[in-house]
Amino acid sequence: MVNHARDKGGRRPHGNGRHAVVIGGSLAGLLAAHVLAGHADRVTVVERDRIPDGPEPRPGVPQSRHAHVLLESGQLALDSLLPGFTAELRAAGAPRVGMPEDMVAWSGGAWVRRTAPTTHIHTGSRAHLEHLVRRRVLADPAIRTVESAEAVGLAGDASRVRGVLLRERGGTGGTAGAGASGRRQRTLPADLVVDASGRGSRAPQWLAAIGAEPPAEETIDTGQAYASRVYRDTGAHLGTEALAYWFYPNPAQTYAGGVLPLEDGSHLVALAGLRGQEPPTDDAGFTAFAARLPHPFLHEWLLTAEPRTPVYGFRATANLRRRYDRPGRRPAGFLATGDALCTFNPIYGQGMSVAAMSAVALRDALADPRRRPTTLRVQRALFDASRQAWDISAGADRAMPGAVGNAVASRAVDRPVGWYLNRVQRRYVGDPALVGPVFRSVLTLTAPLSALFAPRVARAVLFGPVARPPAAPPMRAETTGG
Ligand SMILES: Cc1cc2nc3c(=O)[nH]c(=O)nc-3n(C[C@H](O)[C@H](O)[C@H](O)COP(=O)(O)OP(=O)(O)OC[C@H]3O[C@@H](n4cnc5c(N)ncnc54)[C@H](O)[C@@H]3O)c2cc1C
């Protein structure tokens, strides 16, 4: 599909008969489908789960029980794809947290000053956000869903993908037949197949099965495990005007976690530890684990707050990227996006934003009037959309004790860069004027990493004083005069 004529606006005139299939109806898949609907007659989203009517967690997205922040880059990308989306998100109650003003944060071994915000994050639940995206995207009549259907392979050969092999309960069409499981198996023909099936994607094996080359994979795994639970703050015991509380890990203090507000007024508590330090998922163990954080306030609060859910655990958090961007004997008409392409240790809060930025990259690559959008070129645009998030997440995790994987080894150039970034970290917590805002823009993916090396910033980082950070958790924002 990616090799045919477009109209001036980059949108394919309807009536071209083209059919795109997206595997996975989560954030990356829905947003890719939305973009492809401008270029194909029909887009089909194949989803293993039954698609819920409302904002409910579902089995195919087990991470939705855990803290999900939407960075400013993700907000901008969503607004560009679905105009007015973040206003809709706010109107539906998703809390908006100003950084650093509204968060009591411990980062790089120090408390961050709570000065006026230079960026905002959304902290509502993952299920709520996905529901709002799904409602907007599936309102398009060009997009249909095939739910409770699992992609189990690709049709075609090493030169071109021609469809997806589906296993589903019931259903009609294609070349149908009952498999050993009693489920119906059929081929869904497609001119373009996009893999958005998440970090557990089986596409490398499917490609090998049609005689194509699977991508090389890069991994860095700290064994970070999460445990999360929703609470009600029965007596406002945290006792401050802050909206959120977060402890970021570093190589010397590897426990992480915090409290984030949700759209219904409750609070999601997340706790995390590296391999060998996994937070327990039983009631008493979960509460006791919070005492390992660098300050007792969260542990003390948990003793008084009212739990509203069980504790949910999650362990698959390795950084993993699949190098589909590299040349290889791979078929035309196959792309990967979202976590299926590149997935990160979630502690840095990037995956949903990268999924949205990838959809923008897909839109721009398909619409670029100067270039023929070949499969490899479009795939490289998708890869580029995840590059900075990978550099941040992989760069930080390489330094974590016990990290394993084939991409753990640092290159010679990483050492001076690491030294410089340590200096940035020490300055950003106490510098609301220059290093703080620039560092936050880089971390929220709205400024390139190179912004940290701009002359003005480099002067402050290399020669400027280190402002003293707060000695205790800043329970009052500086902007309120506290
Ligand atoms: C613990 C945790 C916390 C996180 N916190 C954050 C955060 O704070 N901020 C942030 O931006 N990101 C966060 N993320 C990452 C975020 O969840 C993902 O990056 C985001 O959901 C985009 O993922 P995706 O759409 O690519 O894949 P997923 O959301 O994993 O969805 C994959 C979809 O594909 C379907 N599927 C899978 N296989 C098949 C198949 N064979 N056939 C049909 N359908 C299939 C699944 O059912 C699912 O719907 C976190 C992740 C974890 C694990």
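On a predicted model such as this, the values are computed, not experimentally measured, just so you know.

Draft legend 1. Summary view of the environment of V378. Position of V378 among the secondary structure elements: in helix α9 (residues 375–398). Counting along the chain gives 42 residues from V378 to A336, while the straight-line C-alpha distance between them is 9.9 Å.

Draft legend 2. Structural view of the pattern of salt bridges. Summed over all chains, the structure comprises 22 salt bridges. Where R58 meets D49, a salt bridge forms, and the shortest distance between an N and an O atom there is 2.9 Å. Judged by relative accessible area, D49 falls into the buried class, the value being 8%. Among the salt bridges present, the one from R321 reaches E218, with a minimum N-O distance of 2.5 Å. With a gap of 103 residues between them, R321 in strand β20 (residues 319–322) and E218 in strand β13 (residues 217–220) connect regions that are remote in the sequence. The same class applies to R321 as to E218, namely buried. Via salt bridges that share partners, E47, D49, R58, R126, E130 and R134 belong to a single interconnected network.

Draft legend 3. Just the sheet that holds strand β22 (residues 342–343), in detail. Ordered by their spatial adjacency, 3 strands build an open sheet running β13-β20-β22, and the pairing between neighbours is antiparallel. Of all strands in the sheet, those with a lone pairing partner are β13 and β22, marking the two edges. Sheet topology note: the β13/β20 ladder contains 4 bridges and is antiparallel. Its bridge partner being in β20, I220 is matched across the sheet by N319.

Draft legend 4. Spatial organisation of the site of the ligand. Neighbouring the ligand are 32 residues; S26, E47, H68, R126 and M352 lie closest to it. One nitrogen or oxygen atom from the side chain of R126 is found 2.6 Å from an oxygen atom belonging to the ligand. Between the ligand and the protein, one listed contact pairs a nitrogen atom with a backbone N or O atom of G349 at 3.4 Å. Expressed as a share of its isolated accessible area of 1000 Å², the protein-covered part of the ligand is 96%. Looking at the shell around the ligand, the elements that each hand over two or more residues are α1 (27–36), β8 (149–156) and α8 (351–367). Grouping the constituent residues of the shell around the ligand by class yields 13 nonpolar, 13 polar and 6 charged.

Draft legend 5. Inspection of the layout of surface pockets at higher detail. Empty space within the second largest pocket amounts to approximately 330 Å³. Taken together, 20 residues make up the lining of the second largest pocket; nearest its centre are P57, R65, S125, V230 and L262. Elements that contribute at least two residues to the lining of the second largest pocket include exactly α4 (126–138) and β14 (225–232).

Draft legend 6. Up close: the sheet that holds strand β7 (residues 143–146). Strand order across the open sheet formed by 5 strands is β7-β2-β1-β12-β21, with parallel pairing between neighbours. If you trace the sheet from one side to the other, it starts and ends with β7 and β21 (334–336), each paired once. Mean inter-strand twist for the sheet, computed between neighbouring axes without regard to direction, equals 20°. Judged from the 4 bridges that link them, strand β2 (residues 42–46) and β7 form a sheet pairing that is parallel. Looking at β7, one finds that T44 is bridged to R144.

Draft legend 7. Layout of the environment of A336. Counting through the fold element by element, A336 comes out in strand β21. Sequence-distant contacts of A336, that is, excluding residues within four places in its chain, are made with D195, Y324, L341, Q379 and L382.

Draft legend 8. Focus on unusual backbone geometry. The omega torsion of the bond from M99 to P100 falls at 10°, within 30 degrees of zero and hence cis. On the secondary structure map, P100 appears in the loop between β3 (96–99) and β4 (103–107). We note that L445 has phi near 65°; this positive angle belongs to a residue other than glycine. When you line up the elements, L445 lands in the loop between α11 (435–443) and α12 (455–463).

Draft legend 9. Highlighting the packing of aromatic side chains. Under the defined criterion, the tally for this structure stands at 10 aromatic pairs. Taking the centre distance of 4.7 Å and the plane angle of 20° together, the rings of Y420 and F453 count as stacked. Here F453 lies in the loop between α11 and α12 and Y420 lies in helix α10 (residues 414–428), a separation of 33 residues in the sequence. Look at Y420 and you get buried, because its relative accessible area is 6%. Overall, F453 belongs to the partly exposed group, its relative accessible area being 40%.

Cut-offs and rules
- Residues numbered from 1 in each chain as written.
- Predicted model: local features only at pLDDT ≥ 70, side-chain atom pairs only at ≥ 80, totals over all residues.
- Heavy atoms only, no water.
- Helix = DSSP H or I, 4+ residues; strand = E, 2+ residues; numbered from the N terminus.
- Salt bridge = Lys/Arg side-chain N within 4 Å of Asp/Glu carboxyl O.
- Buried < 20%, exposed > 50% of the residue type's maximum accessible area, 1.4 Å probe, protein only.
- Pairing = 2+ DSSP bridges.
- Near = heavy atom within 4 Å.
- Polar contact = N/O pair within 3.5 Å; in protein donor to acceptor, adjacent residues only side chain to side chain.
- Areas by Shrake-Rupley, 256 points an atom, 1.4 Å probe, with all protein chains shown as cover.
- Nonpolar A, V, L, I, M, F, W, Y, C, P; charged D, E, K, R; others polar.
- 1 Å grid on protein atoms, 1.4 Å probe; cavity = no way out; pocket = protein on both sides within 12 Å on 5 of 7 lines; lining within 4 Å.
- Points joined across faces, edges and corners; volume = space filled by probe spheres on them.
- Axes fitted to C-alpha atoms, helices over the stretch in contact; angles between N-to-C directions.
- Contact = heavy atoms within 4.5 Å.
- Phe/Tyr/Trp six-rings, centres within 6.5 Å; stacked < 30°, edge-to-face > 60°.

Function cannot be inferred from these measures alone, as they are strictly geometric.
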